[in-house]
Amino acid sequence: MKVLPIYQVDAFTSELFGGNPAAICPVEEALSDELMQSIALENNLSETAFISGADGNYHIRWFTPGTEVSLCGHATLAASYVIRHELGDRSEELSFKSLSGVLKVRFKEDLIELDFPAASYSQEPVPEEVASLLPFEAMDSRFNRDDLLIIAPDEATVAQLDLDFTGLKNSRVRGVVISARSERVGVDFVSRWFGGPEVAIKEDPVTGSAHTMLTPYWSDYLDKKVLSAEQISQRKGHLECEWVENRVLLRGKAVLYLKGQIRIPGGS
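Residues numbered from 1 in each chain as written. Predicted model: local features only at pLDDT ≥ 70, side-chain atom pairs only at ≥ 80, totals over all residues. Heavy atoms only, no water.

J.: Kindly report on the overall build of the protein, identifying the contributing residues and their values.
T.: Secondary structure assignment for the protein yields 5 helices and 17 strands. A globule of 268 residues ought to have a C-alpha radius of gyration of about 18 Å, and the protein, at 18 Å, matches this closely. Each principal axis of the C-alpha atoms in the protein carries an extent, and together these give about 60 × 40 × 30 Å. Burial statistics for the protein: of 268 residues in total, 57% are counted as buried. Contacts in the protein between residues far apart in sequence, at least 24 positions, make up 63% of those at least 6 positions apart. Put simply, the protein shows about 12300 Å² of open surface, and 47% of that area lies on carbon and sulfur atoms. (Helix = DSSP H or I, 4+ residues; strand = E, 2+ residues; numbered from the N terminus. Rg over C-alpha atoms; globule rule 2.2 N^0.38 Å. Buried < 20%, exposed > 50% of the residue type's maximum accessible area, 1.4 Å probe, protein only. Contact = heavy atoms within 4.5 Å. Areas by Shrake-Rupley, 256 points an atom, 1.4 Å probe, with all protein chains shown as cover.)

As structure tokens, then:
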């Protein structure tokens, strides 16, 4: 058997047991897609990230328990935390090669800033099989290559949702984002993210990648460039979001929960 290091980090939170937990596996030798998928399934977290590289330049891949995904915000933030605080790379900027191109991460005092491409989206009606599961009438909706965004009447509606889209038969989306404007001081908008059948996740606690669509939408709606967002799942998470031309900057904190070793096939 072969031994690999593993870390579990709570992302987009300053407190343990908050935010979104991600497993981070630094690797020196390439692992097969099948093995990485098996590790992600065994971890049974919303995301496991595999990273390789040094001195500010890295490669990253993200796996849910069910599939590889093209972009994941919270696991990138968690990986950046591990690189700086556990692996000792003190670079002020990290560069990750990924399925979504080269992603930049910067350290801004106690915040980690993700520099992601803004998601392009179109205005489309909510598909009937999704609409039939909603306990409210959608105020607006948008669609991009990954997620369907549905605007709810208010924050209370979003908070009370108990939805399961994992059984959808004809869904072309990775997940469904339900969002609303917040009336609380210091919070501009709230959201929750519910997974479709492919990702095998009923609800993701905090979804950084979804905010690449949420940020342009609410920035345009509220006429603000810098926004304070909360994903109001049971674990809750906080993000500072900024829309800069065709990029979205997502800022947040992270906390280390676990570090150890896993055993995988191979080696002596």
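Let us keep going from here.
J.: Tell me about the nonpolar core, and please be specific about residues and values.
T.: The biggest cluster of nonpolar side chains holds 51 residues, and the ones touching the most others in it are Ile-24, Trp-62, Phe-96, Leu-114 and Trp-218. Ranked by residue count, the leading element in this core is helix 2 (residues 73-85), at 7 residues. Not counting residues up to four positions away in its chain, the partners in contact with Ile-24 are Pro-5, Ile-6, Tyr-7, Ala-49, Ile-51, Ala-75, Ala-78, Ala-79 and Val-82. (Core = buried A, V, L, I, M, F, W, Y, C linked by side-chain atoms within 4.5 Å.)

J.: Any details on the pattern of salt bridges? Residues and values, ideally.
T.: Under the definition given, this model contains 23 salt bridges. A salt bridge links Lys-104 to Glu-93, with the shortest nitrogen-to-oxygen separation between them at 3.8 Å. A residue pair is termed long-range when its members are at least 10 positions apart, and Lys-104 in strand 7 (residues 101-108) and Glu-93 in strand 6 (residues 93-98) qualify at 11 residues. Three or more residues are tied together by salt bridges with common partners; here these are Glu-93, Lys-104, Arg-106, Glu-113, Asp-115, Glu-240, Glu-242, Arg-247 and Arg-251. (Salt bridge = Lys/Arg side-chain N within 4 Å of Asp/Glu carboxyl O.)

J.: An account of the packing of aromatic side chains is requested, with residue identities and associated values reported.
T.: Considering all chains together, one arrives at 8 aromatic pairs under this definition. With a centroid separation of 5.9 Å and an interplanar angle of 65 degrees, the aromatic rings of Phe-17 and Tyr-257 are classed as edge-to-face. You can see Phe-17 sitting in the loop between strand 1 (2-11) and strand 2 (20-26) and its partner Tyr-257 sitting in strand 17 (residues 254-264), a full 240 residues away along the chain. We classify Phe-17 as exposed; its relative accessible area is 57%. (Phe/Tyr/Trp six-rings, centres within 6.5 Å; stacked < 30°, edge-to-face > 60°.)

J.: Lay out the side chain of Asp-146 with the relevant residues and their values.
T.: Mapped onto the secondary structure, Asp-146 falls in the loop between strand 9 (140-143) and strand 10 (147-151). Residue contacts for Asp-146: discarding those within four places in its chain leaves Ser-70, Val-173, Arg-174 and Gly-175.

J.: So what about helix 2? Which residues, and what values?
T.: The end-to-end C-alpha separation of helix 2 is 18 Å, in line with the 18 Å expected for 13 residues at 1.5 Å each. Most of helix 2 sits inside the fold, with 12 of its 13 residues counted as buried. Among all positions of helix 2, only Gly-73, His-74, Ala-75, Thr-76, Leu-77, Ala-78, Ala-79, Ser-80, Tyr-81, Val-82, Ile-83 and Arg-84 are buried. (Expected span 1.5 Å × (residues − 1).)

J.: Can you tell me about empty space enclosed by the protein, naming the residues and giving the values?
T.: Counting across every chain of the model gives 1 cavity of 30 Å³ or more. A volume near 100 Å³ is recorded for the largest cavity. Glu-47, Arg-174, Trp-193, Asp-204 and Thr-207 are the residues nearest the centre of the largest cavity, which is lined by 16 residues in total. The residue inventory of the lining of the largest cavity, partitioned by class, reads 6 nonpolar, 7 polar and 3 charged. (1 Å grid on protein atoms, 1.4 Å probe; cavity = no way out; pocket = protein on both sides within 12 Å on 5 of 7 lines; lining within 4 Å. Points joined across faces, edges and corners; volume = space filled by probe spheres on them. Nonpolar A, V, L, I, M, F, W, Y, C, P; charged D, E, K, R; others polar.)

J.: Requested: an account of the environment of Pro-265, with residues and values cited.
T.: With respect to the helices, strands and loops of the structure, Pro-265 is situated in the segment after strand 17. Those residues in contact with Pro-265 that sit more than four places away from it in its chain are Met-1, Lys-2 and Leu-35.

J.: I'd like a rundown of unusual backbone geometry, residues and numbers included.
T.: For Phe-12, which is not a glycine, the phi torsion comes out positive at approximately 60 degrees. By the secondary structure assignment, Phe-12 is in the loop between strand 1 and strand 2. Its relative accessible area of 1% is what places Phe-12 among the buried residues. Although it is not a glycine, Asp-55 sits at a positive phi angle of roughly 50 degrees. Here Asp-55 lies in the loop between strand 3 (48-54) and strand 4 (57-63). The exposure class of Asp-55 is exposed, given its relative accessible area of 67%.

J.: Account for helix 5 (residues 211-222), with residues named and values stated.
T.: Buried residues dominate helix 5, accounting for 10 of its 12 residues. Count one or two residues on from helix 5 and you reach Asp-223, which has phi positive near 55 degrees.

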